[in-house]
Amino acid sequence: MPNVVDLTLVSRARRILRTVLEERGLGFFLVASSRTPRLDPRRIAWVVAAARKQAPPRARRDPDALSRTRRVIRKELIRLVSEAMVQAGL
């Protein structure tokens, strides 16, 4: 079942993402050395790992849950970067 996503892990990751965005801003997730906006996969993985630590042991059994959650968080960040670029007029 490749399209099944662990919603508890995703909701925890989104909650952590919102907290980090409030504290550090969207620039925290962007690669600093890039001319164009590129997301830093290490920062996305960091958010998912923090969410996994808070997840119950039942959620840790799925080996693909982390990659699916990273994909969901990445899509959320892409949406936020797109909105910021539209607001900036780029």
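Structure shown above.
Cut-offs and rules
Residues numbered from 1 in each chain as written. Predicted model: local features only at pLDDT ≥ 70, side-chain atom pairs only at ≥ 80, totals over all residues. Heavy atoms only, no water. Helix = DSSP H or I, 4+ residues; strand = E, 2+ residues; numbered from the N terminus. Buried < 20%, exposed > 50% of the residue type's maximum accessible area, 1.4 Å probe, protein only. Areas by Shrake-Rupley, 256 points an atom, 1.4 Å probe, with all protein chains shown as cover. Expected span 1.5 Å × (residues − 1). Arc of directions from axis to C-beta. Contact = heavy atoms within 4.5 Å. Phe/Tyr/Trp six-rings, centres within 6.5 Å; stacked < 30°, edge-to-face > 60°.

Enquirer: I'd love a proper account of the overall build of the protein, names of residues and values included.
Expert: Helix and strand content of the protein: 3 helices and 0 strands. Reading the helices (α) and strands (β) of the protein from amino to carboxyl end gives α-α-α. Within the protein, the proportion of its 90 residues that are buried is 30%. Here the protein has roughly 6400 Å² of accessible surface; of this, 53% comes from carbon and sulfur atoms.

Enquirer: Explain helix α1 (residues 7–24) to me, using residue names and the numbers behind them.
Expert: Here α1 is 18 residues long and its end C-alpha atoms lie 25 Å apart, about the 26 Å a rise of 1.5 Å per residue gives. Taken together, the buried positions of α1 are occupied by L9, V10, A13, I16, L17 and V20. Angular distribution of buried residues about the axis of α1 spans 130°; they occupy a single face of the element. Exposed residues lying more than 90 degrees from the buried face of α1 are L7 and E22. Against α2 (41–54) and α3 (65–88) lie the buried residues of α1.

Enquirer: Pulling in residues and values, what's your account of the packing of aromatic side chains?
Expert: By the definition in use, this model includes 2 aromatic pairs. A centroid spacing of 6.0 Å and a plane angle of 70° characterise the contact between F28 and W46, whose relative ring orientation is edge-to-face. Of this pair, F28 sits in the loop between α1 and α2 while W46 sits in helix α2, placing them 18 residues apart in sequence. With a relative accessible area of 14%, F28 lands in the buried category. Here W46 falls in the partly exposed class, since its relative accessible area comes to 44%.

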